[in-house]
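Observations on chain architecture
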Amino acid sequence: QVQLVESGGGLVQAGGSLRLSCAASGRTFSSYAMGWFRQAPGKEREFVAVIRRRGGSTYYADSVKGRFTISRDNAENTVYLQMNSLKPEDTAVYYCAARPDTYYISTSPGGYDYWGQGTQVTVSS
């Protein structure tokens, strides 16, 4: 069982930056791939980024590539999402999620077993 708690959301102007954190409970954090997803009002939850258990491999949605960076600190049981050059279309509730790391990277919400409660990110124009 893994419990996830996101923090770091807020209101920022277009072009600004935010850093989201996701703190995980449990002693098996380092065995999980960690993902970030987001959901805007009226839209489906969409993939943002994922990082493998040792942090050596990452993958991003095209819409955030070059602007967002996912990282993790296994000693602190925390995964981060650094978001730069934010745009109004980045406005959404951001969720972190965990799944046991396997050979395949999953970009589907259905591929993840544990979810946080979400943190709101609002980017004003």
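Residues numbered from 1 in each chain as written. Predicted model: local features only at pLDDT ≥ 70, side-chain atom pairs only at ≥ 80, totals over all residues. Heavy atoms only, no water.

**Some points on the pairing of strand β5 (residues 46-51)**
Stated formally: Think of it in three bands: residues with accessible area under 20% of the maximum for their type are buried, residues over 50% are exposed, and the middle band is partly exposed, with areas taken using a 1.4 Å probe on protein chains only. The way it works is that DSSP assigns letters per residue, a run of H or I at least four long becomes a helix, a run of E at least two long becomes a strand, and they are numbered from the N terminus. Pairing between two strands requires that DSSP report at least two bridges joining them.
For β5, the buried fraction is high: 5 of the 6 residues fall into the buried class. Between strand β4 (residues 32-39) and β5, which pair antiparallel in sequence order, lie 6 residues; one of them, G42, sits at a positive phi of approximately 80 degrees. The pairing of β5 with strand β6 (residues 58-60) spans 3 bridges and is classified as antiparallel. For A49, the partnering residue across the bridge sits in β6 and is Y60. Hairpin geometry of β5 and β6 is characterised by an intervening segment of 6 residues between the two adjacent antiparallel strands and by a positive phi of about 80 degrees at G55.

**Regarding the sheet that holds strand β1 (residues 4-7)**
The cut-off we apply is this: Helix axes are fitted only over the stretch in contact, all axes being lines through C-alpha atoms; the angle between N-to-C directions runs from 0 to 180 degrees.
Here we have 4 strands laid out as an open sheet, ordered β1-β3-β8-β7, and antiparallel in their pairing. Each having just a single partner strand, β1 and β7 (68-73) make up the two edges of the open sheet. Shown here is a sheet whose adjacent strand axes are inclined to one another by a mean of 15 degrees, direction ignored. Across 6 bridges, the pairing between strand β3 (residues 18-24) and strand β8 (residues 78-83) is antiparallel. Across the sheet, residue L18 finds its bridge partner in β8, namely M83.

**Looking at the side chain of S21**
Note the cut-off: Any two residues having at least one pair of non-hydrogen atoms within 4.5 Å are treated as being in contact.
Mapped onto the secondary structure, S21 falls in strand β3. Excluding residues that lie within four positions of it along the chain, S21 makes contacts with V5, E6, S7, W36, T78, V79 and Y80.

**Brief notes about the side chain of R67**
The cut-off we apply is this: Counting of polar contacts relies on pairs of N or O atoms within 3.5 Å, with two restrictions inside protein: one atom must be capable of donating a hydrogen and the other of accepting it, and residues adjacent in sequence are counted only when both atoms are side-chain atoms.
Here R67 shows up in the loop between β6 and β7. There is a polar contact of 2.9 Å between the side chain of R67 and the backbone oxygen of S63.

**Observations regarding the packing of aromatic side chains**
Definition in use: Under the pairing criterion, centres of Phe, Tyr and Trp rings, with the six-membered ring standing for Trp, must be within 6.5 Å; the plane angle then separates stacked pairs below 30 degrees from edge-to-face pairs above 60, leaving the rest tilted. Here, a charge over a ring is recorded when the distance from Lys NZ or Arg CZ to the ring centre is within 6 Å and its angle to the ring normal is within 35 degrees.
For the structure on display, the rule yields 8 aromatic pairs. Measuring from centroid to centroid gives 5.1 Å for F37 and Y112, while their planes differ by 75 degrees, and the two rings are edge-to-face. Taken together, the positions of F37 in strand β4 and Y112 in the loop between β9 (92-100) and β10 (114-115) put the pair 75 residues apart, joining distant regions of the chain. A relative accessible area of 0% places F37 in the buried class. Three or more aromatic residues link up through ring pairs in this structure, and these residues are F37, F47, Y59, Y95, Y112 and W115. Here the basic side chain of R45 rests over the ring of W115, its NZ or CZ set 4.8 Å away from the ring centre. Taking the ring centre of Y112 as reference, the NZ or CZ of R99 above it sits at 5.8 Å.

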